[in-house]
Amino acid sequence: MLRFLASRLLRALLTIGMVVTFAFVVLRLSGDPAQIIMGSEAPPEAVAAFRASWGLDQPLWVQYLRYFLAILEGDLGRSMRDGRPALDLVVERIPATLALTLPALLIKLGLGIPAGVTAALHRNSAIDRAVMLLAVAGFTMPSFVLGLLLVLVFAVQLGWLPSGGQEGWRHAILPVVTLGIGGAAALARFTRSAMLEVLGQPYIRTASAKGVPWRAVVSRHALPNAAIPTVTIIGFMVGSLIAGAVVVESVFSWPGVGRLLVVAVANRDLAVVQAILLLVAATMVTANVLVDLLYGALDPRLRAAPKGVR
Amino acid sequence: MSEAPLLEARGLLRRYGMRRGLLGRPVEVRAVDGVSLSLHRGRTLGLVGESGCGKSTTGRLVLGLEPSDGGGVAWEGRPMPPPGTPAWRALRARMQMVFQDPLGALDRRLPIGAQVAEPLAIHGLPGSRDRVAELLRDVGLRPDQAARYPHELSGGQRQRAVLARALATAPALLVCDEPISALDVSIQAQVMNLLTELQARHGMAMLFISHDLRAVRQVSHRVAVMYLGRIVEAGKPDAVLQDPAHPYARALVSAIPHPGRRQARILLPGDPPNPADRPAGCAFHPRCPMAVALCAREAPALKPRPGDGRLVACHLAQGDATLPKAA
Amino acid sequence: MPEAPPSPIMLAPPRARRQGLPPLVLFAVGWLGLMLGVALLANVVSPYAYTALDLRNRLSPPIGFGGTTAHWLGTDELGRDVLSRLIHSIRMSLLIAFGATLIGAVVGTTLGLLAAQFRGLVEQAVLALVDFSASLPFLILALAVLAFFGNSLTLFVCLLGLHAWERYARIARGLAISAGAQGYAAAVRQLGASAWRVQLRHVLPNIASTLIVSMTLAFPEIILLESGLSFLGLGVQPPATSLGSMVGYGREYLSRAPWILLSPAAVIVLTTLSVSALGDWLRDRLDPSLD
C-alpha cells in the first residue's frame, strides 16, 4: 500500500512537472517575450536591457531552472494588462466560480446517480428509456446551447430570472442549472452502464439465487462495485471545479475563473493563462490521486496493479 | 553420427524473475536449466515432458527467439546472432516454427495464400502464384484454397497452411511445438504422417516438442525426456519406450494406455513440479518412488549409463546408489 | 487507470439488431448524409454568398414567422442570409471535425504502436504524455495553446486533433502488445519480418475496427469542442464562419432575433446526436469489447 501511495504521488509530481515544462516550452516557442512585452517598435537597447533584467540572455536551461524555482515560490508572473500578480487575479475569482460549480456538483450527484441506478434496475422499462433519452439529450447538447435556451425561455420570454451578471443568488440559478443538467446526464449514463455491468456479474446472480433479498443484493453487492468506475468520473468533476465552467460563465457573463481565462486568452495575457493552467493541473492531479486512493480502498485488487499496465 | 550437427545447443539457460504477492521478494525461476542438444539434417529429435517442464522454452531458445541466459546455440558451427538483428532475421529463412494453435498463428484478416507467400516476400524470394500453389499442394491443400481465410478452414487444414508457410523458404530446421495437441484425434495422425513425409521429401532437421510420448515415438529418431528444465533421459525412441531408465520416464511410459499389456501404472505421488520451488538434489526425488538419501543431496548429471551407454540423469540408473533392500 | 471515457450511450435495446437498422440509426445515417451533401455542395446549394449583405432586410425572421421566401431562415444583423451562412458553417465545422479526428487517430495510433514496438523508454515517454493529457481538461489546454500561439485555421485543426489522441494511443498500445505476446504477430516475427511489417501489415488491420469505432465516438466530441471554442470567439475567426461562431455572434440578438442562433444550435445537436448514435451502433456490431 505504501509503495502504491509513493508511486502514485511520484507520478502526480511528474505530471505537474510536465505541465510546468509544457507552459515553459510553449511560452518560449510562442515568440520572444521581450519583443512581445516591449512591442516591436521598442529600441533595441531597451529590449536588450529588458532581456538582461529578466534573465532572458541566460542559457535556456538556466531560464528553465529559474522559471521552475519561481513557480515553486508561488511567483507566476504579473498580468500584462494591469501589472498585478497573476496568481492573485486568479485566486480572487475562485469563490465566484465555486459559487456555480459546487451547487452544480450537488445537482449532478443528486440527480445523475439516482437516475442512473434507477434506470439500470428497471432496464428497458419506460423509466429507463426516459432517463436515457434525457441523458443523451444532455450529452449531445453543448452547454452554451442549453444555457442560451434557458435564457431564451426563462429570461427573455417569461422574464422570471435575470439573463446574466452576478448580483444575487437569483443570478446563479440559470448557470447552476445549465452546469448541473449537463453533468447529471453524463453521470446518469455512466452510472447506468457501470451498474448494468455489475448486475450481469455471476456473483450478483449467485447472491440472488441463494436467496439474499434483492434490496440487500443491490445495496450490499451491486452498488459498492458499481461505485468503483463511477468514482473516476466524479473525481474528474471535482478536479474541474475550478475550470469546469469556462463556457457557462461566458454565456451568463459570470465573473469567475473561466471568464478570466477567456478574456486572458483573447488578450494574450500569458501570465494569467499560465497561472490558471497550473492551478487547474494541480487541482486535477490532486483529484486524480484522491480517486486512486479511494479506488484502493474500494477495490483491493487494484492496489497491486501499476496504473499504466492494463 | 559422423556428420557435423546442423544446430548445436550447449547448456541453454533461461531464467525468469517472478514476484510472489505484493511485497514478495523476487524469485528466480529457471525455466530451462542447462539443456544441451544437437539437431542433424534429416533427423528428428523428440522432446517430451509435462506442461511447464520448459520444453517449449527450449524450442524458442533453440530458434534464438529468446536470448539464452547462459550457454549458446551454434548454427552450422557459428553462434546464433542476437534476436531482431538483420543477420538473425535473414537466418529465419533457414529455420521455422510450427505452432500449437494454428488459428492463433495465422492472421485472421489475410487469406491463406497471402500468408504462405509472406515469408517469400520477407526474404526477397520470388513468390509467384505457382509457387504458392506448389507449397499448398505440398502440404495437401488445394491451390484454390489460397483465397480462403483461416476461419473458413478446418483445424487440420489450418495447421497444413501453417506448415506451408513454414516450408516456403525451404528451411533446414523445423521446430514443431505441440503441433497436434490442438487438433482432433482423427486429424492428428494425418498431420503426423504429413510431417514424416515432408521430412523424407525435403530432408530438414526437426525438433518435435510434445507431451505425447506415442506421437514423439512415431516421428522421432531420438527422444529426450525433460523434467523441470533439464533433460533426464535421452536415447533411441524404441529403447527409451521399451526400457526407460529414469524413474520419471518410466512413469511417463507406464501412463500410455496399452491394449494387451496389463502392467500397473506408476502413479507419481506428491505435487506436480513447480519451477519456482525446485527441490534440492535431483529435482524429481520428492515424487520418485525409489529415491534414496543421495538423491536429496546431489543432482545427478546426464551421462551415458554403464553398459548400453543410454544417456540418463539418475543416481540409481547409473549404479551410483543402490536401492535399500526393504523398499 | 480507467479514464473517464465517453461512455456508451444506450439508445436502442440490442434486440433490434437483427431486424435491420433501428429507426434512430436510420435517422442518423440520413441526417449525416444530408450534412455531408450540404458540406460538399455548399457553393451550389447556398442561395447567397455567405458574406453577402442585404441591408434592406436586416434581422428578417424566417419564413413562417413573418419572413419572406427571399430568406428562408431569415437574416442576421447585417442582412446576411442565415441559410447560406448555416450551409457554409456546416462545411467548416465538418471539415474541422474530420481533419481533427483523422489527426488524432493517426498521431495516437502511431505513438501507441511505437510504444508497443520499442517498450522501455519510448513506452514510458508515451505513457507519461498520456498521463499529462489526462491531467488537464482539454478545453483548458486548448485555450492555453490558443493564447500562446494566436489563432489560425491550421493550428486550430491540429489542436483539436490532439483531443482524443491518448485514447487511440492507449488502445493501439494495448492491442499491439497483446497481439505481439502470442499469436499471429509473434508467428510473423519469427518468419523474419521486420517490426514495421508486423505492425503495419498485420497488427494495424487487426485493430482497425476498434480504432474506427473510437473515431466515431471522438467525432461528436470534437464538434462540441470546436463549436464551444468558436462560441467563445477563440475558434474559427470571421469572416469564416462555423456552427459555434454563428451561435456566439447570434447571442447578441437572442431577444430580438433568436433564429440566428437557433438553427445552428439545432444542427449541432442533431449532428452530434447522429454521430453518437451511429458510433454506438457500430461499436455494438463491430467491437463489443470496447467501452
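Residues numbered from 1 in each chain as written. Chains lettered and ligands numbered in written order. Predicted model: local features only at pLDDT ≥ 70, side-chain atom pairs only at ≥ 80, totals over all residues.

Per an unreviewed UniProt entry, the recorded name for chain A is ABC transporter permease, and the organism is Paracraurococcus ruber. Per its UniProt entry, chain A bears the Sequence similarities (unreviewed entry) comment "Belongs to the binding-protein-dependent transport system permease family." (UniProt positions renumbered as here; feature names shortened; annotations may be inferred.)

Novice: How would you explain the overall build of chain C if you had to name every residue and give the values?
Specialist: Broken down by element type, chain C carries 11 helices and zero strands. Starting at the N terminus, the α and β elements of chain C follow one another as α-α-α-α-α-α-α-α-α-α-α. For chain C, the C-alpha atoms occupy an extent of roughly 75 × 50 × 30 Å along the three principal directions. Scored against the burial criterion, the 291 residues of chain C give a buried share of 53%. Sequence-distant contacts in chain C: of pairs separated by 6 or more residues, those separated by 24 or more amount to 70%. (Helix = DSSP H or I, 4+ residues; strand = E, 2+ residues; numbered from the N terminus. Buried ≥ 20, exposed ≤ 12 C-beta atoms within 10 Å, placed from the backbone. Contact = placed C-beta atoms within 7 Å.)

Novice: I'd like a rundown of the overall build of chain A, residues and numbers included.
Specialist: When helices and strands are tallied, chain A shows 14 helices and zero strands. Along the chain direction, N to C, the helices and strands of chain A fall in the order α-α-α-α-α-α-α-α-α-α-α-α-α-α. Going through the 310 residues of chain A one by one, you find that 40% of them count as buried. A separation of at least 24 residues holds for 73% of the contacts in chain A among residues at least 6 apart in sequence.

Novice: Residue-level account of unusual backbone geometry, with values.
Specialist: Cis peptide bonds are those with omega within 30 degrees of zero, and the linkage from Pro238 of chain C to Pro239 of chain C qualifies with 10 degrees. Here Pro239 of chain C is to be found in the loop between helix H9 (195-231) and helix H10 (243-250). For Ser253 of chain A, which is not a glycine, the phi torsion comes out positive at approximately 45 degrees. One can find Ser253 of chain A in the loop between helix H12 (246-251) and helix H13 (257-267). The exposure class of Ser253 of chain A is partly exposed, given the 13 C-beta atoms found within 10 Å. Positive phi, normally seen in glycine, also occurs at Leu228 of chain B, with a value near 45 degrees. Accessibility expressed as a C-beta count within 10 Å gives 24 for Leu228 of chain B, which makes it buried.

Novice: Describe the interface of chain A and chain C, with residues and values.
Specialist: Each partner contributes to the interface: chain A provides 52 residues, whereas chain C provides 46 residues. Mapped onto the side of chain A that touches chain C, the elements with two or more residues apiece are helix H1 (2-29), helix H7 (126-140), helix H8 (143-157), helix H9 (169-199), helix H11 (214-239), H12, H13 and helix H14 (270-298) of chain A. No other element matches H14 of chain A, which puts nine residues into the side of chain A that touches chain C. Taken together, the residues of the side of chain A that touches chain C sort by class into 35 nonpolar, 10 polar and seven charged. (Nonpolar A, V, L, I, M, F, W, Y, C, P; charged D, E, K, R; others polar.)

Novice: I'd like a rundown of the UniProt feature "domain: ABC transmembrane type-1" (unreviewed entry) in chain A, residues and numbers included.
Specialist: Per the UniProt record, "domain: ABC transmembrane type-1" (unreviewed entry) is annotated on residues 94-291 of chain A. Secondary structure over residues 94-291 of chain A splits into 82% helix and 0% strand, and the C-alpha atoms at its two ends are 23 Å apart.

Novice: Requested: an account of the confidence of the model for chain C, with residues and values cited.
Specialist: Residues and elements named next belong to chain C. Residue-level pLDDT values for chain C average 79, and 90% of them are 70 or greater. Averaged pLDDT values for the elements of chain C fall to 80 in helix H2 (residues 42-45) and rise to 89 in helix H3 (residues 82-118). The low-confidence segment residues 1-18 (pLDDT under 50) makes 35 contacts with residues lying over four places distant or belonging to another chain. Among the prediction metrics, the complex's ipTM stands at 0.77, with pTM recorded as 0.74. (pLDDT = per-residue confidence, 0-100.)

Novice: Tell me what's going on with the sheet that holds strand E8 (residues 205-210) of chain B, and back it up with residues and numbers.
Specialist: All names here are of chain B. If you trace the eight strands from one edge of the open sheet to the other, you get E6-E7-E8-E3-E9-E10-E12-E11, paired in mixed fashion. The open sheet is flanked by strand E6 (95-98) and strand E11 (303-304), the only strands paired with a single partner. Alignment of strand E9 (residues 222-227) against strand E10 (residues 230-235), held across five bridges, turns out to be antiparallel. Opposite Ala224, over in E10, you have Ala234 as the bridge partner. (Pairing = 2+ DSSP bridges.)

Novice: With reference to specific residues and values, describe the domain arrangement of chain A.
Specialist: Interface size is commonly expressed as the accessible area that is lost once the parts come together. Each domain of chain A was delimited in the assignment, giving domain 1 (2-91) and domain 2 (94-255). Between the C-alpha centres of domain 1 of chain A and domain 2 of chain A the distance comes to 38 Å. (Domains from an automatic or database assignment.)

Novice: Run through the environment of Leu63 of chain B, naming residues and quoting values.
Specialist: Following the sequence through the fold, Leu63 of chain B ends up in helix H1 (residues 55-63). Note on Leu63 of chain B: 24 C-beta atoms within 10 Å, which makes it buried. C-alpha of Leu63 of chain B to C-alpha of Leu135 of chain B: the two residues are 72 residues apart in sequence and 23 Å apart in space. Here Leu63 of chain B is in contact with Met95, Met97 and Val175 of chain B together with Gln190 of chain C, once residues within four sequence places are set aside.

Novice: An account of helix H10 (residues 202-209) of chain A is needed here, citing residue identities and associated values.
Specialist: Across the eight residues of H10 of chain A, zero count as buried, placing the element largely on the outside. Of the residues one or two after H10 of chain A, Gly211 of chain A is the one with positive phi, at around 100 degrees.

Novice: Let's hear about the UniProt feature "transmembrane region" (unreviewed entry) in chain A: which residues, and what values?
Specialist: All names here are of chain A. Feature annotation in UniProt assigns "transmembrane region" (unreviewed entry) to the following positions: residues 12-31, 98-121, 133-160, 172-190, 230-252 and 272-295. Along residues 133-160 one finds 82% helix and 0% strand; the C-alpha atoms at either end are 27 Å apart. Annotated as 100% helix and 0% strand, the span residues 272-295 places its first and last C-alpha atoms 34 Å apart.

Novice: I'd like a rundown of the nonpolar core, residues and numbers included.
Specialist: Ranked by internal contacts, the top residues of the largest apolar core, which has 256 residues, are Ile276 of chain A together with Val225 of chain B. The biggest single contributor to this core is H3 of chain C, with 16 residues. Residues from two domains meet in this core; each of domain 1 (2-91) and domain 2 (94-255) of chain A gives at least three. If sequence neighbours within four positions are ignored, Val225 of chain B has contacts with Val48, Gly49, Ile231, Val232, Glu233, His246, Tyr248, Ala249 and Leu252 of chain B. (Core = buried A, V, L, I, M, F, W, Y, C linked by C-beta atoms within 7 Å.)

Novice: Let's hear about the pairing of E8 of chain B: which residues, and what values?
Specialist: All names here are of chain B. When you tally the buried positions in E8, you get six out of six residues, the bulk of the element. Of the two faces of E8, the one lined by Ala205, Leu207 and Ile209 and the one lined by Met206, Phe208 and Ser210 are each fully buried. Note that strand E3 (residues 44-48) and E8 share five bridges and pair parallel. Bridged to Gly46 within E8 is Phe208. Relative to E8, strand E7 (residues 173-177) runs parallel, the two being bridged by five bridges. Across the sheet, Val175 pairs through a bridge with Leu207, a residue of E8. A crossover links E7 with its parallel partner E8, the connecting element being helix H7 (residues 185-202), and its sense is right-handed. (Right-handed = clockwise from strand over helix to strand, strands pointing away.)

Novice: So, the pairing of E3 of chain B: which residues are in play, and what are the values?
Specialist: Residue and element names in this part refer to chain B. With respect to burial, E3 is a largely interior element, five of its five residues being buried. Along E3, one buried face is formed by Thr44, Gly46 and Val48 and the opposite face, lined by Leu45 and Leu47, is buried too. Of the strand pairs in this sheet, E3 and E9 are connected by four bridges, and their pairing is parallel. Across the sheet, residue Val48 finds its bridge partner in E9, namely Val225.

Novice: I'd like to hear about the packing of H9 of chain C against H10 of chain C, residue by residue, with values.
Specialist: Geometrically, a packed helix pair is captured by the angle between its two axes and the distance between the axes. All names here are of chain C. Running from N to C, H9 and H10 point in directions that differ by 35 degrees, and their axes come no closer than 7 Å. With respect to the hand of their crossing, H9 and H10 are arranged in right-handed fashion. In contact with Glu226, Ser227, Gly228, Leu229, Ser230 and Phe231 of H9, H10 contributes Leu243, Gly244, Ser245, Val247 and Gly248. The residue inventory of the contact of H9 with H10, partitioned by class, reads four nonpolar, six polar and one charged. (Axes fitted to C-alpha atoms, helices over the stretch in contact; angles between N-to-C directions. Left-handed = near helix turned anticlockwise from the far one by under 90°.)

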